[in-house]
Amino acid sequence: MGGTDQPAETERSLETDQSPGADQSPETDQLPETDQTVYARFRIDLPQDTWVRTVSEAYPQATFRLLSGTRAGDTARELGEAITESPAAVRASMRDHDAILSYETLEETDGRLLGQYETTDVGLYGFLESSSMPPTFPVVVSDGRYELDVTVSPATFERFTAALRESDTRYELLSKVHTDDEATLLTDRQREVLAAALRHGYLAVPRDCSLAELAATLEADPSSVSTTLRRGQERLVTWFFAER
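These figures come from a predicted structure and were not determined experimentally. (Residues numbered from 1 in each chain as written. Predicted model: local features only at pLDDT ≥ 70, side-chain atom pairs only at ≥ 80, totals over all residues. Heavy atoms only, no water.)

Participant: Could you clarify how one ought to interpret the pattern of salt bridges in this entry?
Facilitator: Pairing is possible between side chains of opposite charge, provided their charged atoms come close. Tallying each qualifying case throughout the model produces 13 salt bridges. A salt bridge links E81 to R65, with the shortest nitrogen-to-oxygen separation between them at 2.2 Å. Taken together, the positions of E81 in strand 3 (residues 75–83) and R65 in strand 2 (residues 63–72) put the pair 16 residues apart, joining distant regions of the chain. Across the pair R189 and E192 runs a salt bridge whose closest N-O atoms are separated by 2.8 Å. (Salt bridge = Lys/Arg side-chain N within 4 Å of Asp/Glu carboxyl O. Helix = DSSP H or I, 4+ residues; strand = E, 2+ residues; numbered from the N terminus.)

Participant: Explain the nonpolar core here, please?
Facilitator: One recurring pattern in soluble globular proteins is that nonpolar side chains are buried together. Grouped together as the largest cluster of nonpolar side chains are 38 residues, with contacts concentrated most on F42, I44, W51, F64, L148 and F160. Apart from residues lying up to four places away in sequence, F64 is in contact with V52, V55, S56, Y59, E81, A82, V90, V139, V140 and V141. Listed in part, the twelve residues of the second largest apolar core include L194, A196, A197 and A215. (Core = buried A, V, L, I, M, F, W, Y, C linked by side-chain atoms within 4.5 Å. Buried < 20%, exposed > 50% of the residue type's maximum accessible area, 1.4 Å probe, protein only. Contact = heavy atoms within 4.5 Å.)

Participant: Even after reading the chapter, I still don't get helix 3 (residues 87–96), so can you show me in this structure?
Facilitator: Residues separated by three or four positions in an α-helix point in the same direction, a consequence of the helix having 3.6 residues per turn. Among the residues making up helix 3, those that are buried are P87, V90, R91 and M94. Within helix 3, the buried residues cover an arc of 100° as seen down the axis, which keeps them to one side. Elements that come into contact with the buried residues of helix 3 comprise helix 2 (51–58), strand 2, strand 3, strand 4 (100–108) and strand 5 (112–119). (Arc of directions from axis to C-beta.)

Participant: Mind showing me how you'd approach the sheet that holds strand 4 here?
Facilitator: Hydrogen bonds between backbone groups are what pair the strands of a sheet, and the pairing can be parallel or antiparallel. Here we have eight strands laid out as an open sheet, ordered 4-5-3-2-6-7-1-8, and antiparallel in their pairing. Taken across any chain shown, the strands that pair with only one partner, and hence form the sheet edges, are strand 4 and strand 8 (171–179). Across the sheet, the axes of successive neighbouring strands diverge by a mean angle of 20°, strand direction being ignored. Relative to strand 7 (residues 145–152), strand 6 (residues 139–142) runs antiparallel, the two sharing three bridges. Counted as the bridge partner of V140 is E147 from strand 7. Lying on the sheet, helix 3 is in contact with strand 2, strand 3, strand 4 and strand 5; it crosses strand 4 at an angle near 160°. Sheet strands touched by helix 4 (residues 123–130): strand 2, strand 3 and strand 7. Its angle to strand 2, the strand with the most contacts, is close to 70°. (Pairing = 2+ DSSP bridges. Axes fitted to C-alpha atoms, helices over the stretch in contact; angles between N-to-C directions.)

Participant: Sorry, what's going on with unusual backbone geometry here?
Facilitator: A negative phi angle is the norm for most residues apart from glycine, just as the trans form is the norm for most peptide bonds. Here the amide bond leading from V205 into P206 is cis, since omega sits at -5°, within 30 degrees of zero. Relative to the helices and strands, P206 is located in the loop between helix 6 (188–199) and helix 7 (211–218). The backbone of D143 shows a phi angle near 50°, a positive value even though the residue is not glycine. Looking at D143, the relative accessible area reads 40%, which means it is partly exposed. Non-glycine residue E219 carries a positive phi angle of around 55°. Of note, E219 is situated in the loop between helix 7 and helix 8 (222–243).

Here it is, written out as structure tokens:
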């Protein structure tokens, strides 16, 4: 069993990380795959001209969560929510931004806005694809920066951090854990939620219960349960293929 938390890495800009020998990408590409898994969390500055940076900086107390997204060429269809005291104003700001081609409100309450939209901001998808990283949801954005959780092999982690170093992106490595023991793979909450999903038939095809019904058995918010399920499933799938 190996699990070691690493302290947060100092924020950096790659314009200042180009000293001789700093570019290690050729060696990184040759790192061997192992049966270890890396769990890491990054905080990354968003590009200046993206809609979510503009809107999140205009409403710095709000939290934006990209719940799912699919890129199709030059645009992406995304499902996102904003936890904010001003949902109507946030919705108007999103619709007014040039990068939002269409916006459909799915739910709006006093403190939450849920919507589906099409955007021309696809830079995140391209960056992740170029560094062999599939998009991982949810992506949490606040005040112009987003937090990204990754669950990958050590070699893929090195490729991803190399891509960050080679870009103009400012970022922080908030946490990093290595493990090669399946006993440490899931958090207690992920185990609890996945076990309940299996027990109540949420994972069956077709499903025997809805997300709302599953959340009710756990006495939890459906959005929180959905997030925990996705993260647990992602860890299991990543570990399974890393073991092959």
